[in-house]
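As a plain string of letters, each chain reads:
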Amino acid sequence: MSTSLDTDSVDALRSQIDSLRMRINELEVQNAKLSSQLSRCSCQKMEDEISCVVEGGSVVDGNGESMKLDKKTRKKKDCKTGILEHHPRRYVALRLMYFGQRFYGFASEAQMDPTVESEIFKALEKTRLLVGDKKKSQYSRCGRTDKGVSSFGQVISLFLRSNLQPKNTDDANSWELSIERDVLDAEIDYVRVLNRVLPKDIRVTGWCPVPIDFSARFSCMSREYKYFFWRDNLDIRAMESAGQKFVGDHDFRNFCKMDAFNVHNYKRHITSFELSPCDKRLILVDVFLRSLLESNELWCFKIKGSAFLWHQVRCMIAVMFMVGQGLESPNVIDALLDTDGTPRKPQYTMAPEMPLVLQSCEFEGVRFICSSDARQALHLHLEDAYRTYELQAAMTHEALLSCLPQEHDQSLSSAKQKKKAASHISLMSRPTEPSYEERRAKLNLKQEVCELSDDQSM
């Protein structure tokens, strides 16, 4: 009798367990459906909250228009700025312009503020264009300009919030790369929205939808730099002759700051190296000032290549100036590019960073978009900045006139040039830095010591 009761109890328990399992499965299916609906939910109240940018006592909507808020509403919205986690997003490339004088370079890894990158991400968070954090945004940058260096064509790529849904709502990466007018009108005006909150020395100049396998760094076909300088008494013909020696595939380890830990290949391809005069001339009305600053024509180097090493352009320019001043022969370029004959880089100072500009980055099939409103606002902003710098230049010119000597000694400039030539030490006679092989040997020895120390501690 007891055996029969035990069997009935076990069967009843099994039946209850099976029933609970079925109920759990039903609840899981229902939960998945509700979660899917919630992730795609975009009620009007949420749209109103996330389509605006809080800025002081006003907000900027998705079209960049300013709206006034009372204190109560402003306090409520101030608490809701930040990063969105659940919203339609698309992968885009942004083209940037910035003047680098006050920045500690472009990248923010050095933990030095401000950097261009840190200011851009502050703007992205303020405008609530980020969907997830920086890691989730699949962020990449084309170039990593140094402290003080500017750019008119830097490019970054990342996921940003979108007003549009992907073609396949189950796949956030399934996007039409269409840039038709009706699509553009419905999409967020990324250029205008970001430029309303970015610092005055940073601007977005265009955006473009790109596929998710696009990388601003590795998809770049070529980069072009410009370096501006006053001609003065430089020998342009000698510099042109020396510059052509850079064109082609060469090992540039003697024209860079070597990073033997991370970089093992120092061969780079230079497509073109040109010198050309610029349209801008320094206007001098005073006779003494004209004689003091002769050959006041502004020129620039234009260097195009597939990729560049750390400080490569500034090192190349430094040697070019030595050639232009008659301190080195154009053949010194051949000697420094011959890494078998010159395995160690001579010690010399790089050219200043301020006149260097990353002019453009070229990509296949990428056409940047800028709305007419955003383009007009950008033009007015740059025109205002230009007028401000013109005023400062005029004031500096006036100060220079007030400090001129009563009589100008024509022999001063020639004596200064002779003194500089007499003190110059030939590049090939200077002390040298360690070679790549010597640096690697030192790094390997250090690594072996660390590993030995770790083994002994265990």
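Please refer to the structure placed before this passage.
As the structure is a computational prediction, the values presented were derived from the model and not from experiment. (Residues numbered from 1 in each chain as written. Predicted model: local features only at pLDDT ≥ 70, side-chain atom pairs only at ≥ 80, totals over all residues. Heavy atoms only, no water.)

### Remarks on the nonpolar core
So, point 1. The biggest cluster of nonpolar side chains holds 58 residues, and the ones touching the most others in it are Phe229, Phe255, Leu275, Phe301 and Ile303.
So, point 2. Sort the elements by how many residues they give to this core and helix α9 (residues 312-324) lands first, with ten residues.
So, point 3. Once residues lying within four places of it in the same chain are set aside, the contact partners of Leu275 are Phe229, Ile236, Met239, Glu240, Trp299, Cys300, Phe301 and Met320.
So, point 4. One finds Val92, Leu94, Val193 and Trp207 within the second-largest nonpolar core, a separate group that totals 30 residues. (Core = buried A, V, L, I, M, F, W, Y, C linked by side-chain atoms within 4.5 Å. Buried < 20%, exposed > 50% of the residue type's maximum accessible area, 1.4 Å probe, protein only. Helix = DSSP H or I, 4+ residues; strand = E, 2+ residues; numbered from the N terminus. Contact = heavy atoms within 4.5 Å.)

### Describing the layout of surface pockets
So, point 1. Of the volumes computed, that of the second largest pocket is approximately 1200 Å³.
So, point 2. It is α9 that provides the largest number of residues to the lining of the second largest pocket, a total of three residues.
So, point 3. Tallied by class, the residues present in the lining of the second largest pocket amount to 18 nonpolar, seven polar and ten charged. (1 Å grid on protein atoms, 1.4 Å probe; cavity = no way out; pocket = protein on both sides within 12 Å on 5 of 7 lines; lining within 4 Å. Points joined across faces, edges and corners; volume = space filled by probe spheres on them. Nonpolar A, V, L, I, M, F, W, Y, C, P; charged D, E, K, R; others polar.)

### Focus on α9
So, point 1. In this model α9 runs 18 Å from its N-terminal to its C-terminal C-alpha over 13 residues, within 8% of the 18 Å that 1.5 Å per residue would give.
So, point 2. Across the 13 residues of α9, 13 count as buried, placing the element largely inside the fold.
So, point 3. Downstream of α9 by a residue or two, Gly326 has a phi angle that is positive, lying close to 80°. (Expected span 1.5 Å × (residues − 1).)

### Examining the packing of helix α7 (residues 236-243) against α9
So, point 1. Packing of α7 against α9 brings their axes to within 8 Å, and their N-to-C directions diverge by 140°. Considering their axes alone, α7 and α9 lie oblique with respect to each other. Here α7 runs over α9; the crossing is right-handed. Judged by residue contacts, Ala238, Met239, Ala242 and Gly243 of α7 engage Met320, Val323 and Gly324 from α9.
So, point 2. When grouped by side-chain class, the residues that make up the contact of α7 with α9 number five nonpolar, two polar and no charged. (Axes fitted to C-alpha atoms, helices over the stretch in contact; angles between N-to-C directions. Parallel < 35°, antiparallel > 145°, perpendicular 65-115°, else oblique. Left-handed = near helix turned anticlockwise from the far one by under 90°.)

### Description of unusual backbone geometry
So, point 1. Phi angles above zero are rare outside glycine, and Arg128 is one such case at about 55°.
So, point 2. Take Arg128: it is sitting in the loop between α4 (116-126) and β5 (140-141).
So, point 3. Positive phi values are uncommon outside glycine, yet Asp232 reaches one of about 50°.
So, point 4. Structurally, the position occupied by Asp232 is in the loop between β8 (222-230) and α7.
So, point 5. Its relative accessible area of 40% is what places Asp232 among the partly exposed residues.

Note that all results are geometric; they support no functional claim without further evidence.
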